[in-house]
Amino acid sequence: MTLEETAMTFTELTADLETPGPDWRRTAVVYQIYPRSFADSNGDGIGDLPGITHRLPALAELGIDAIWLSPFYKSPQADAGYDVADYRDVDPVFGTLADFDAMLERAHGLGLKVIVDLVPNHSSDEHEWFQAALAAAPGSPERDRYMFRDGRGENGELPPNNWESCFRGPAWTRTTNADGTPGQWYLHLFDTKQPDWNWENPEVRAEFLDVLRFWLDRGVDGFRVDVAHSLIKAPGLPDQEPAEQAAQDAETDGFFLSGPMWDQDRVHEVYRGWRALLDTYSPDRILCAEAWVPSLDRLARYVRDDEMHQAFNFGYLESEWDAAHLRATIDKSVAANEEVGAPTTWVLSNHDVVRHVSRLGLPAGPRPNGIRAGDVQPDHELGLRRARAATLLMLSLPGSAYMYQGEELGLPDHTALDDDLRQDPTWWRSQYTEAGRDGCRVPLPWEADEPGLGFGPGGATWLPQPDSYATLARDRQDEVEGSTLEMYRTALAFRRAFALAVGTIEWIETAPGVLQFVNGELTIVANTGNQAVPMPEGELLMSSVELADPTTLPADTTVWLLTEVFNESQS
Ligand code: NOJ
Ligand code: CA
């Protein structure tokens, strides 16, 4: 089907279809903006808030419902802003609070909700309260806001327990007293510059409620909550069991975890308190958990009806491109969430993982934490083909979906970045064995013929863009039939028109390697195998690749078929 025919079908079909009006928190397509790499307004090579404001219309016309911004708060940027020094201010590198307000107003004017990132597990070591804690004596109220402990061993020379940082290396750093003698240790589940807050301390709890109020009063529509499963630690901070530690080490990026620092039952009381606060605001505000917990049942606990509204489904992100595996994950996710009355929140990429175009172009195996020039390189063509098919599958599922900036362009990771340019702390903390996440954080290509591919004036980019980004630049895809950008735009429009987000999944048994289900008026078919199969019946609405033969569904392809029209034409 040509683009023109698709557009006609779309206009005809949507003429008498009502746009769904349910709770946006159950259905939204949320676009993640990584501010550092979205658009630069002042030519310093780093994306910023005015850059976002300037480019917002491009997002609105894509057909998304909301944006989520990774942190733009005051920060020494030891972990790209996930090390917050002031939760109530904008870092000068990204702009000012006035720039934030202007961005928010523009987004709202375009009908987009705005979700901001909240980082409650840890602050920056440059946060005023951490500096006060360092200056105060052991046992002081200032120290009690963080996780300070005496060391083990005769002279306190050993860390208080065996916990390891998610970015590798020990999770404890020893302090130095004012007189130069070695002092207590403090806990940091991430970088040394990210000390963990003590969530047993009422002052800390009150402070975060106040931070929530600060942004809610400014008009934000909600929060994505960073490492939501880690705030409460097991009493007594017991050692990590060797088996759990081994599992943690085996995790490619150390995020999918169980142990005394993860997913403790009492963390939920924190979120009940936050939810109660959000419920006092109108219009509706959202909480979305980033929680890499080991099972979908444990994840569903974060979205019980008095807690958060959403939790990223990383089980789906981690699924292999394999029909049986995908179906099992989809079924388990939907069942676990239905149990608590919550929607499922699908996700394929974000700023912490290798982009799905690159991931799906690699031989099957564990998800790597970044790809380096000397590593096995992804097959870009295969990866893009599968990524498009995986996206059409994701966008056809009921619930909410998150997109990571640039996936609508089919961007791969930068997989040959110069090691000297790496900025992810994982790179040095792993003794230069894990590339880390810089490859998925490269500045976006907007205009192929502009310097820096239109990222900002003058062409500076804080990380170099790979050569492939020129042909994938947004202006090379805009209104170009068959482009990934047009596929996303069309899929988002159909998703809305056919109310797929509020539908249900009815599986149809079919060939091995193929997923087929009905959602409302559509039949969705995804061929994850490497053989073509006969095309099921129905009128072709859209396909993840151009089809040479409409009677055949090729390998690594997803199609959306109109079931209703087919049935009518049969009667
Ligand atoms: C999860 C964030 O997505 C990641 O980027 C960050 O490094 C860690 N949490 C620590 O804040
Ligand atoms: Ca800038």
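Scroll up a little and you will see the structure.
Since we're looking at a predicted model, the values are computed, not measured. (Residues numbered from 1 in each chain as written. Chains lettered and ligands numbered in written order. Predicted model: local features only at pLDDT ≥ 70, side-chain atom pairs only at ≥ 80, totals over all residues. Heavy atoms only, no water.)

Colleague: For this particular structure, what's the right way to read the pairing of strand β13 (residues 400-404)?
Modeller: Taken residue by residue, a regular strand's side chains alternate between the two faces of the sheet. Counted residue by residue, β13 has 5 buried out of 5 residues, so it is predominantly covered. Side chains S400, Y402 and Y404 of β13 all project onto a buried face; the interleaved residues A401 and M403 project onto the opposite face, where all are buried too. Bridge analysis of strand β1 (residues 29-33) against β13 gives 4 bridges, and the strand direction is parallel. Each bridged residue has a counterpart across the sheet, and for V29 the counterpart in β13 is A401. Inspection of the sheet shows strand β12 (residues 345-347) paired to β13 by 3 bridges, in the parallel sense. Paired with W346 across the strands is A401, a residue of β13. (Buried < 20%, exposed > 50% of the residue type's maximum accessible area, 1.4 Å probe, protein only. Helix = DSSP H or I, 4+ residues; strand = E, 2+ residues; numbered from the N terminus. Pairing = 2+ DSSP bridges.)

Colleague: Can you walk me through the site of ligand 1 in this structure?
Modeller: In the vicinity of ligand 1, the contacting residues are D79, Y82, H122, F167, F190, R224, D226, E290, H351, D352, R437 and R441. Note that an oxygen atom of ligand 1 is positioned 2.9 Å from one of the side-chain N or O atoms of H122. One nitrogen or oxygen atom from the side chain of R437 is found 2.9 Å from an oxygen atom belonging to ligand 1. Tallied by class, residues from the shell around ligand 1 come to 3 nonpolar, 2 polar and 7 charged. (Near = heavy atom within 4 Å. Polar contact = N/O pair within 3.5 Å; in protein donor to acceptor, adjacent residues only side chain to side chain. Nonpolar A, V, L, I, M, F, W, Y, C, P; charged D, E, K, R; others polar.)

Colleague: Would you mind showing me how to read the environment of Y31 here?
Modeller: Mapped onto the elements of the fold, Y31 is located in strand β1. Spatially, the C-alpha atoms of Y31 and W68 are 6.1 Å apart, while their sequence positions differ by 37 residues. Discounting residues that sit within four places of it in the chain, Y31 has contacts with F38, L59, L62, I64, A66, I67, W68, M403, Q405, G406, E408 and L444. Within the structure, the side chain of Y31 is placed 2.7 Å from the side chain of E408, a separation counted as a polar contact. (Contact = heavy atoms within 4.5 Å.)

Colleague: Please clarify how the sheet that holds strand β7 (residues 172-176) should be interpreted in this entry.
Modeller: Picture the strands of a sheet paired through backbone hydrogen bonds; they go either parallel or antiparallel. One open sheet holds the 3 strands; their spatial order is β6-β8-β7, and the pairing between them is antiparallel. Two strands in the sheet have a free side with no partner beyond their single neighbour: β6 (148-149) and β7. Where β7 and strand β8 (residues 182-187) come together, 4 bridges link them in antiparallel fashion. For R174, the partnering residue across the bridge sits in β8 and is W185.

Colleague: Would you mind showing me how to read the pairing of strand β10 (residues 286-289) here?
Modeller: Burial along β10 is two-sided: I286 and C288 facing one way and L287 and A289 facing the other are all buried. Across 4 bridges, strand β9 (residues 222-225) lies against β10 in parallel orientation. What sits directly across from F223, in β10, is L287. As paired strands, β10 and strand β11 (residues 310-313) are joined by 2 bridges and run parallel to one another. Pairing of C288 across the sheet is with Q310, part of β11.

Colleague: When you look at unusual backbone geometry in this model, what are you seeing that I'm missing?
Modeller: For residues other than glycine, phi is negative in most cases, and the peptide bonds are mostly trans. That bond from S282 to P283 is cis: its omega, -5 degrees, falls within 30 degrees of zero. When you line up the elements, P283 lands in the loop between α9 (267-278) and β10. Even without glycine at this site, Q77 takes up a positive phi of about 65 degrees. Inspection of the secondary structure puts Q77 in the loop between β3 (73-74) and β4 (86-90). In this structure, L237 is a non-glycine residue whose phi angle is positive, near 45 degrees. Considering the arrangement of structural elements, one finds L237 in the loop between β9 and α8 (242-250).

Colleague: Looking at this structure, I do not really get the coordination of the calcium ion (ligand 2). What am I missing?
Modeller: A four-donor tetrahedral metal ideally has 109.5 degree angles, and a six-donor octahedral metal ideally has angles of 90 or 180 degrees. Within the protein, the calcium ion (ligand 2) binds to D40 (OD), N42 (OD1), D44 (OD), I46 (O) and D48 (OD); these donor distances fall in the range 2.3 to 2.4 Å. Mapped onto the sequence, the donors of the calcium ion (ligand 2) take the spacing D-x1-N-x1-D-x1-I-x1-D. The partly exposed category is assigned to D44, whose relative accessible area is 38%. (Donors = N, O, S within 2.8 Å, 3.2 Å for Na, K, Ca; no water.)

Colleague: For this particular structure, what's the right way to read the packing of aromatic side chains?
Modeller: Remark: the centre distance and the inter-plane angle together describe each pair of aromatic rings, the angle taken between the planes. Under the counting rule described, the total for this entry stands at 31 aromatic pairs. With centroids separated by 5.2 Å and ring planes inclined at 90 degrees, the aromatic side chains of F38 and W446 adopt a geometry described as edge-to-face. Taken together, the residues F38 in the loop between β1 and α3 (49-60) and W446 in the loop between α15 (425-429) and α16 (474-477) connect sequence positions 408 residues apart. Here the two residues F38 and W446 agree in accessibility, since each one is buried. Aromatic rings pair up to connect Y87, W129, F130, Y146, F148, Y186, W197, W199, F208, Y271, W274 and Y302 into one cluster. In this arrangement the basic side chain of R36 is found over the ring face of W462, its NZ or CZ atom lying 5.1 Å from the centre. (Phe/Tyr/Trp six-rings, centres within 6.5 Å; stacked < 30°, edge-to-face > 60°. Lys NZ or Arg CZ within 6 Å of the ring centre and 35° of its normal.)

Colleague: How should I be thinking about the side chain of D117 in this particular structure?
Modeller: Within the element layout of this structure, D117 appears in strand β5 (residues 113-118). At 2.7 Å, the side chain of D117 and the side chain of Y82 are in polar contact.

Colleague: What am I meant to see in the packing of helix α4 (residues 97-109) against helix α7 (residues 202-218) here?
Modeller: Angle between the axes and distance between the axes: these two values describe a pair of packed helices. As a packed pair, α4 and α7 sit with axes 11 Å apart at the nearest point and diverge in direction by 55 degrees. By the angle class used here, α4 and α7 are oblique. In this structure, α4 uses L97, F100, D101 and L104 to contact α7, whose residues at the interface are F214, W215 and R218. Its residues assigned to classes, the contact of α4 with α7 comprises 5 nonpolar, no polar and 2 charged. (Axes fitted to C-alpha atoms, helices over the stretch in contact; angles between N-to-C directions. Parallel < 35°, antiparallel > 145°, perpendicular 65-115°, else oblique.)

In short, the description is geometric, and any link to function would need to be established separately.
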